[in-house]
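Overview (structure and organization)
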2 protein chains.
Amino acid sequence: MDSPRTTETGTRNRTRRAILRAAASVLARQRTATLADIARAAEVNRSTVHRYFADRDDLIRAAVDDSVEAIGRSVEEAGIHEGPAAEAMRRLVLAHLNVGDRLMFLFGDRHTMRRYGVVEPEKPPPDPMIDLIERGQADGVFDPDLDPQWIQHVLWSLVYAGIEEVDRGRMSRHSVAATVVRTLENGIRTRPR
Amino acid sequence: MDSPRTTETGTRNRTRRAILRAAASVLARQRTATLADIARAAEVNRSTVHRYFADRDDLIRAAVDDSVEAIGRSVEEAGIHEGPAAEAMRRLVLAHLNVGDRLMFLFGDRHTMRRYGVVEPEKPPPDPMIDLIERGQADGVFDPDLDPQWIQHVLWSLVYAGIEEVDRGRMSRHSVAATVVRTLENGIRTRPR
DNA sequence: CTACTGTGCGACATCAGTGTCGCATATTGA
DNA sequence: TCAATATGCGACACTGATGTCGCACAGTAG
């Protein structure tokens with residue numbers, strides 16, 4: 001579907017995807033990981049990685065593209081242009097939590113995006129997020145005094161923090177979404193009722 | 001004062017500190033930066049780095065220790081055990097923003113802390129932060145339904161996001177503290193007045 | 001069952017980064 | 001001013017990671 005090599009067999013496609021997922025996952029946690037590390041995580045031989053990707057740079061670039069697509073799809077499936085802004089924001093948080101590894105990989109080190117990926121003017125996550133935020137601000141649901149891009153970055157930061165909590169076993173995948181949403185909406189101050 | 005080599009001359013001390021600061025700053029933004037990159041940022045020759053640190057590992061370890069100390073000092077100067085919890089939290093945010101590079105260096109890649117630094121049970125930033133959060137929760141100022149450690153991570157995440165905004169020139173150092181505090185306290189939802 | 005595709009294995013060459021070294025020069029402190 | 005300290009420079013050796021290659025075997029599709 002999204003693979004540039006759509007004439008690939010199912011077997012090759014699966015191997016390629018396993019390598020890309022492993023690359024994002026391993027590099028998200030250790031930027032200096034070797035090709036051997038990635039191959040191990042993908043459960044293939046190092047030479048197999050070379051059969052799919054010309055070199056290390058090629059692999060990382062492909063992993064960046066793949067991650068951008070995975071995040072884009074997850075965000076699209078959240079359908080944030082529909083429904084009340086607060087509900088849509090909650091679906092957005094879930095969508096991001098579902099692609100936690102890719103987010104950590106893409107944004108954990110700004111060098112990755114600068115060297116391998118989309119250039120700054122093109123925002124990897126699509127404008128619909130900013131649209132949602134602006135819609136919510138117009139509706140009086142989101143704080144109009146906060147810059148929409150800042151809100152977007154806050155969202156990512158909290159999702160990121162949530163993913164790390166889950167990774168460390170300090171929070172369940174089930175409870176993290178609620179906690180992230182609660183903190184995103186209310187902050188840490190006790191909300192007067 | 002805190003340098004293990006207190007018999008060092010002022011010149012040597014200054015050179016050592018320049019290298020450590022450059023290490024934290026450069027590695028915060030590019031985990032795979034070389035010793036040559038760090039030396040360039042410190043405005044010394046690469047061989048000079050070797051005169052101060054046995055090898056790359058030694059330098060990174062020293063940079064971790066130095067960063068932990070710098071953050072600890074900044075947090076200590078915030079005097080968060082004094083005054084109302086909300087005020088103390090604001091000073092804490094400022095304290096963290098003041099050591100932004102070190103935070104990005106230490107926590108931008110979990111591998112750094114795991115391999116070079118303090119082990120998990122010893123929390124690099126001191127317990128007083130958790131004490132402050134619990135104090136605020138007891139006083140009804142902070143949300144008692146949020147885990148104190150989660151609140152601490154949220155604080156770091158937002159500080160981190162703020163530092164990146166400043167780095168990208170999208171926010172001034174002056175306004176970032178207010179924005180971080182506002183978002184930390186209120187979240188993104190419009191707060192009813 | 002067979003032919004084709006895909007992969008593991010391991011050896012080998014290359015290369016970027018690191019670590020070492022000695023010398024000349026710059027800087028600093030007495 | 002001079003001696004001691006600090007540093008830049010660049011050459012060189014070493015090391016780990018990468019990239020290439022060919023062969024044998026595993027897996028898959030017809």
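Residues numbered from 1 in each chain as written. Chains lettered and ligands numbered in written order. Predicted model: local features only at pLDDT ≥ 70, side-chain atom pairs only at ≥ 80, totals over all residues. Heavy atoms only, no water.

Turning to helix H5 (residues 85-97) of chain A, a few remarks are in order. Residues and elements named next belong to chain A. Between its first and last C-alpha atoms H5 spans 18 Å; for 13 residues at 1.5 Å apiece the expected length is 18 Å, and the two agree. When H5 is considered as a whole, its buried residues turn out to be Ala 85, Ala 86, Ala 88, Met 89, Leu 92, Val 93, Ala 95, His 96 and Leu 97. Each element contacted by the buried residues of H5 is listed here: helix H4 (56-77), helix H6 (100-107), helix H8 (128-138), helix H9 (148-167) and helix H10 (173-186). (Helix = DSSP H or I, 4+ residues; strand = E, 2+ residues; numbered from the N terminus. Expected span 1.5 Å × (residues − 1). Buried < 20%, exposed > 50% of the residue type's maximum accessible area, 1.4 Å probe, protein only. Contact = heavy atoms within 4.5 Å.)

Taken as rigid bodies, chain B and chain A are interconverted by a rotation of 180 degrees and an axial shift of 0.0 Å, the fit giving an RMSD of 0.1 Å. One copy is carried onto the other by what is essentially a two-fold rotation axis. Among all residues of chain B, the minimum C-alpha distance to the rotation axis is found for Gly 187 of chain B, at 1.8 Å. The fraction of interface residues of chain B whose copies in chain A are also interface residues reaches 100%, indicating that both copies meet through the same surface. (Least-squares fit on C-alpha atoms with pLDDT ≥ 70 in both.)

Bringing unusual backbone geometry into the picture now. Excluding glycine, residues mostly have negative phi values, and the peptide bonds linking residues are mostly trans. Residues and elements named next belong to chain A. Of note in this structure, Glu 43 is not a glycine but carries a positive phi near 60 degrees. Mapped onto the elements of the fold, Glu 43 is located in the loop between helix H2 (35-42) and helix H3 (46-52). The exposed category is assigned to Glu 43, whose relative accessible area is 74%.

To continue, consider the packing of aromatic side chains. Scanning the model with the defined rule gives zero aromatic pairs over all chains in all. A cation sits over an aromatic face here: Arg 12 of chain A above Tyr 52 of chain A, 4.2 Å from the ring centre. (Phe/Tyr/Trp six-rings, centres within 6.5 Å; stacked < 30°, edge-to-face > 60°. Lys NZ or Arg CZ within 6 Å of the ring centre and 35° of its normal.)

The subject of this paragraph is the protein's contact with DNA strand C. Taken together, 20 residues sit near DNA strand C, with Thr 15, Thr 48, Arg 51 and Tyr 52 of chain A together with Arg 56 of chain B positioned nearest. Considering DNA strand C, the proportion of its atoms within 4 Å of the protein that are sugar or phosphate atoms stands at 56%. Contacts to DNA strand C include Arg 51 of chain A, whose side-chain N or O atom sits 2.5 Å from a base oxygen. Contributions of two or more residues to the surface near DNA strand C are made by helix H1 (10-29) and H3 of chain A together with helix H3 (46-52) of chain B. Taken together, the residues of the surface near DNA strand C sort by class into four nonpolar, nine polar and seven charged. (Near = heavy atom within 4 Å. Polar contact = N/O pair within 3.5 Å; in protein donor to acceptor, adjacent residues only side chain to side chain. Nonpolar A, V, L, I, M, F, W, Y, C, P; charged D, E, K, R; others polar.)

On to the protein's contact with DNA strand D. In the region of DNA strand D, 19 residues are neighbours, and Arg 56 of chain A together with Thr 15, Thr 48, Arg 51 and Tyr 52 of chain B sit closest. Put simply, 54% of the atoms of DNA strand D that lie within 4 Å of the protein are in sugar or phosphate. Asn 45 of chain B places a main-chain nitrogen or oxygen 2.8 Å from a phosphate oxygen of DNA strand D. Where the surface near DNA strand D is concerned, the elements lending two or more residues are H3 of chain A together with helix H1 (10-29) and H3 of chain B. Grouping the amino acids of the surface near DNA strand D by side-chain chemistry returns four nonpolar, eight polar and seven charged.

Turning next to the interface of chain B and chain A. At the interface, 47 residues of chain B touch 47 residues of chain A. Of the roughly 4,600 Å² buried between chain B and chain A, counting both surfaces, carbon and sulfur atoms make up 51%. Our count for the contact surface shared by chain B and chain A stands at four salt bridges. The partner of Arg 182 of chain A in a salt bridge is Asp 143 of chain B, and the shortest N-O contact between them spans 2.7 Å. Remark: the boundary between chain B and chain A carries 16 residue pairs in polar contact (both at pLDDT 80 or more). (Buried area = accessible area lost by both parts, 1.4 Å probe. Salt bridge = Lys/Arg side-chain N within 4 Å of Asp/Glu carboxyl O.)

The next subject is the side chain of His 96 of chain B. Residues and elements named next belong to chain B. With respect to the helices and strands, the residue His 96 is situated in helix H5 (residues 85-98). With a relative accessible area of 0%, His 96 lands in the buried category. Within the structure, the side chain of His 96 is placed 3.0 Å from the backbone oxygen of Leu 92, a separation counted as a polar contact. For His 96, the contacting residues outside a window of four places in its chain are Val 75, Leu 103, Met 129, Leu 155, Trp 156 and Val 159.

Residues and elements named next belong to chain A. Taken N-terminus to C-terminus, the directions of H1 and H6 make an angle of 60 degrees; their axes are 8 Å apart at the nearest point. Between H1 and H6, the angle is such that the two are oblique. The hand of the H1/H6 crossing is left-handed. Each of Arg 21, Ala 24, Ser 25, Leu 27, Ala 28 and Arg 29 in H1 lies in contact with H6, whose residues at this interface are Asp 101, Arg 102, Met 104 and Phe 105. Considered class by class, the residues forming the contact of H1 with H6 number five nonpolar, one polar and four charged. (Axes fitted to C-alpha atoms, helices over the stretch in contact; angles between N-to-C directions. Parallel < 35°, antiparallel > 145°, perpendicular 65-115°, else oblique. Left-handed = near helix turned anticlockwise from the far one by under 90°.)

What follows deals with the UniProt feature "DNA-binding region" (unreviewed entry) in chain A. Mapped onto this structure's residue numbering, the UniProt feature "DNA-binding region" (unreviewed entry) falls at residues 34-53 of chain A. As annotated, residues 34-53 of chain A comprises 75% helix and 0% strand, and the C-alpha atoms at either end are separated by 14 Å. (UniProt positions renumbered as here; feature names shortened; annotations may be inferred.)

We now examine the environment of Val 181 of chain B. Residues and elements named next belong to chain B. Counting through the fold element by element, Val 181 comes out in helix H10 (residues 173-186). Among the residues examined, Val 181 registers a relative accessible area of 12% and is labelled buried. Between the alpha carbons of Val 181 and Leu 155 there is a distance of 9.0 Å; along the sequence they are 26 residues apart. Those residues in contact with Val 181, other than ones at most four positions away along the chain, are Arg 90 and Val 93.

On to H2 of chain A. Residues spaced three or four apart along an α-helix face the same direction, because each turn holds 3.6 residues. Residues and elements named next belong to chain A. Regarding H2, the residues found buried are Leu 35, Ile 38, Ala 39 and Ala 42. Buried residues along H2 cover an arc of 100 degrees about the axis, so they all sit on one side. Elements that come into contact with the buried residues of H2 comprise H1, H3 and H4. The first or second residue beyond H2 is Glu 43, which carries a positive phi of 60 degrees. (Arc of directions from axis to C-beta.)

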